[in-house]
Amino acid sequence: MSLRRDPLVDAALLRRKDDHLDIVLDDERARSTVVTGFSAYRFEHCALPELDLDAIDLGTHLFGRPLRAPFLISSMTGGALRAAGINRHLAEAAQALGIALAVGSQRVALETGADHGLTRDLRRRAPDVPLLSNLGAAQLLAGGPDLARRAVEMIEADALIIHLNPLQEAVQAGGDRDWRGVLRAIETLAARLAVPLVVKEVGAGLSPGVARRLVEAGVAVLDVAGAGGTSWAAVEGERARHADDRAVAMAFAGWGIPTAQALAEVRAALPATPLIASGGIRDGIDAAKAIRLGADLVGQAASVLTSAVASTEAVVAHFEVVVRQLRIACFCTGCGDLHALRRARMTCAAAPAVPVA
């Protein structure tokens, strides 16, 4: 597998990323038919919190940088023609909010030279928050540690995400089909990269077995990125030019491990590994449930995209609502900080009398 600089290939990459934005912006076309599973959980309400709502501490840390709230703006753009403005809005908003930012795939920028805002200007706009670079597993196979190093240097990132998207590649016309050697490439990169390595799925979830193998290979942080939000199989189905290709892709719109299940199972398997929960997180109550189930950080992507297209202020306004919701969830469970929230009483509809361990 080699990196290509064919102008026709470059143009096709740009069109595909632009198609992805259009489809994800139309939520009904891109949504998984799986539900996240968070609705099955319910916190025990505390009618006597004995707390000052405004004094609740939502702060945490990531890669040595402080965060004012446990949120990550998850990867959502990757070189589409509108991405420069989107990336600028997201970086400015992350800095204003004191939350982390993961950029979309840097494949287009690295392969075509069209950076679309994926430059060190992002670090200038967000000097104090964690920035995460992003490459696909297939690009890692092709370009190895040198490509990863360039991705990190491009935005002065604090860490690098390698995203796993085998289902999307399998149903995508011209997708990368040969995934032999991906784990070894991740292990090699983890040993050589100067910054921590993060691995995430893109909406089909990480299983405990895969999660263990990744941590054993040297991965520092995992994003379970479960099913219940954007389905990239559905996105590729919407892009398909032929009815049979669409039928194949759409059959997998309901594929994957629901986010709540993936999070709970990976946390049980890896009690000490930092985890990010993403995939269909709707609001601050879902975020509170994710933290209770084991997440250190909570990511949102598609739900932020409309705001990201509009302005920095729209992104800030979106997350201010989510942060308020999370703060009230802490207040109404009697939790003064995230550490306490991780011990809050919560039950599952499948066994309502038994507190979640």
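Note that the structure is predicted; figures quoted are calculated from it, not measured. (Residues numbered from 1 in each chain as written. Predicted model: local features only at pLDDT ≥ 70, side-chain atom pairs only at ≥ 80, totals over all residues. Heavy atoms only, no water.)

1. A short note on the overall build of the protein chain
Here comes step 1: Assigned secondary structure in the protein chain consists of 16 helices and 13 strands.
Here comes step 2: The burial tally for the protein chain puts 55% of its 357 residues in the buried class.
Here comes step 3: Counted over contacts in the protein chain with a minimum sequence separation of 6, partners at least 24 positions apart contribute 76%.
Here comes step 4: Carbon and sulfur atoms form 53% of the exposed surface of the protein chain, whose accessible area is close to 15000 Å². (Helix = DSSP H or I, 4+ residues; strand = E, 2+ residues; numbered from the N terminus. Buried < 20%, exposed > 50% of the residue type's maximum accessible area, 1.4 Å probe, protein only. Contact = heavy atoms within 4.5 Å. Areas by Shrake-Rupley, 256 points an atom, 1.4 Å probe, with all protein chains shown as cover.)

2. Concerning the packing of aromatic side chains
Here comes step 1: Per the stated rule, a full pass over the model turns up two aromatic pairs.
Here comes step 2: Look at phenylalanine 71 and phenylalanine 319: their rings are 6.1 Å apart centre to centre, the planes differ by 55°, and that puts the pair in the tilted class. With a gap of 248 residues between them, phenylalanine 71 in strand E4 (residues 71-73) and phenylalanine 319 in helix H15 (residues 312-331) connect regions that are remote in the sequence. (Phe/Tyr/Trp six-rings, centres within 6.5 Å; stacked < 30°, edge-to-face > 60°.)

3. So, the pairing of strand E8 (residues 197-201)
Here comes step 1: Extensive coverage of E8 is indicated by the burial of five of its five residues.
Here comes step 2: Strand direction decides the pairing type here: strand E7 (residues 159-164) and E8, joined by five bridges, are parallel. Each residue of the ladder has a partner; that of leucine 164, found in E8, is glutamate 201.
Here comes step 3: Where E8 meets strand E9 (residues 221-223), three bridges bridge the pair, whose relative direction is parallel. Following the sheet pairing, lysine 200 is matched in E9 by aspartate 223.
Here comes step 4: This β-α-β element, E8 to helix H9 (residues 208-216) to E9, shows right-handed connectivity. (Pairing = 2+ DSSP bridges. Right-handed = clockwise from strand over helix to strand, strands pointing away.)

4. Quick word on the environment of glycine 284
Here comes step 1: With respect to the helices and strands, glycine 284 occurs in helix H13 (residues 284-292).
Here comes step 2: Each C-alpha atom of the pair glycine 284 and valine 322 lies 4.6 Å from the other, and the pair is 38 residues apart in sequence.
Here comes step 3: Sequence-distant contacts of glycine 284, defined by excluding residues within four places in its chain, comprise Val322, Gln325 and Leu326.

5. As for unusual backbone geometry
Note: most peptide bonds trans; most residues except glycine with negative phi.
Here comes step 1: One non-glycine residue with positive phi stands out, namely glutamate 50, at about 55°.
Here comes step 2: As for its position among the elements, glutamate 50 is in the loop between strand E1 (41-43) and strand E2 (60-62).
Here comes step 3: One non-glycine residue, alanine 225, lies in the positive phi region at around 40°.
Here comes step 4: With respect to the secondary-structure elements, alanine 225 resides in the loop between E9 and helix H10 (232-239).

6. Some points on the pattern of salt bridges
Here comes step 1: Throughout the structure, instances matching the rule amount to 14 salt bridges.
Here comes step 2: Where arginine 125 meets glutamate 92, a salt bridge forms, and the shortest distance between an N and an O atom there is 2.4 Å. Residue arginine 125 is found in helix H5 (residues 121-125), and its partner glutamate 92 is found in helix H3 (residues 83-97); the two are separated by 33 residues along the sequence.
Here comes step 3: Judged by relative accessible area, which is 22%, arginine 125 ranks as partly exposed.
Here comes step 4: Close ionic contact of arginine 267 with aspartate 296 constitutes a salt bridge, the shortest N to O distance being 3.0 Å. Taken together, the residues span a long stretch of sequence, with arginine 267 in helix H12 (residues 259-269) and aspartate 296 in the loop between H13 and strand E11 (297-300) at a distance of 29 residues.
Here comes step 5: Under the relative-accessibility criterion, aspartate 296 is labelled partly exposed at 28%.
Here comes step 6: Here the salt bridges do not stand alone but share partners, grouping Glu92, Asp121, Arg124 and Arg125 into one network. (Salt bridge = Lys/Arg side-chain N within 4 Å of Asp/Glu carboxyl O.)

7. Description of the environment of aspartate 296
Here comes step 1: In this structure the C-alpha to C-alpha distance between aspartate 296 and threonine 60, which are 236 residues apart in sequence, comes to 8.4 Å.
Here comes step 2: When sequence neighbours within four positions are dropped, the list of residues in contact with aspartate 296 reads Pro70, Arg267, Thr273, Pro274, Leu275 and Arg342.
Here comes step 3: In terms of polar contacts, aspartate 296 uses its side chain to reach the side chain of arginine 267, at 3.0 Å. (Polar contact = N/O pair within 3.5 Å; in protein donor to acceptor, adjacent residues only side chain to side chain.)

8. As for the nonpolar core
One recurring pattern in soluble globular proteins is that nonpolar side chains are buried together.
Here comes step 1: One finds Phe71, Leu160, Ile162, Ile186, Leu222 and Leu341 to be the most contacted residues of the largest nonpolar core, which totals 87 residues.
Here comes step 2: With residues near it in sequence (within four places) discarded, isoleucine 162 still touches Leu135, Gly136, Ala137, Leu140, Ile186, Leu189, Leu197, Val198, Val199 and Lys200.
Here comes step 3: Among the nonpolar cores identified, the runner-up in size contains 12 residues, and Leu62, Leu67, Leu132 and Val221 belong to it. (Core = buried A, V, L, I, M, F, W, Y, C linked by side-chain atoms within 4.5 Å.)

9. So, the environment of histidine 61
Here comes step 1: Checked against the element boundaries, histidine 61 lands in strand E2.
Here comes step 2: C-alpha of histidine 61 to C-alpha of aspartate 296: the two residues are 235 residues apart in sequence and 9.2 Å apart in space.
Here comes step 3: Here histidine 61 is in contact with Pro66 and Leu67, once residues within four sequence places are set aside.

10. What about the UniProt feature "binding site: substrate" (unreviewed entry) in the protein chain?
Here comes step 1: Those places that UniProt annotates as "binding site: substrate" (unreviewed entry) correspond, in this numbering, to Arg16, Lys17, Ser105, Gln106, Arg107 and Gln168.
Here comes step 2: Considering the arrangement of structural elements, one finds serine 105 in the loop between strand E5 (100-102) and helix H4 (107-112).
Here comes step 3: In this structure the side chain of serine 105 is engaged in a polar contact, spanning 3.2 Å, whose partner is the backbone nitrogen of arginine 107. (UniProt positions renumbered as here; feature names shortened; annotations may be inferred.)

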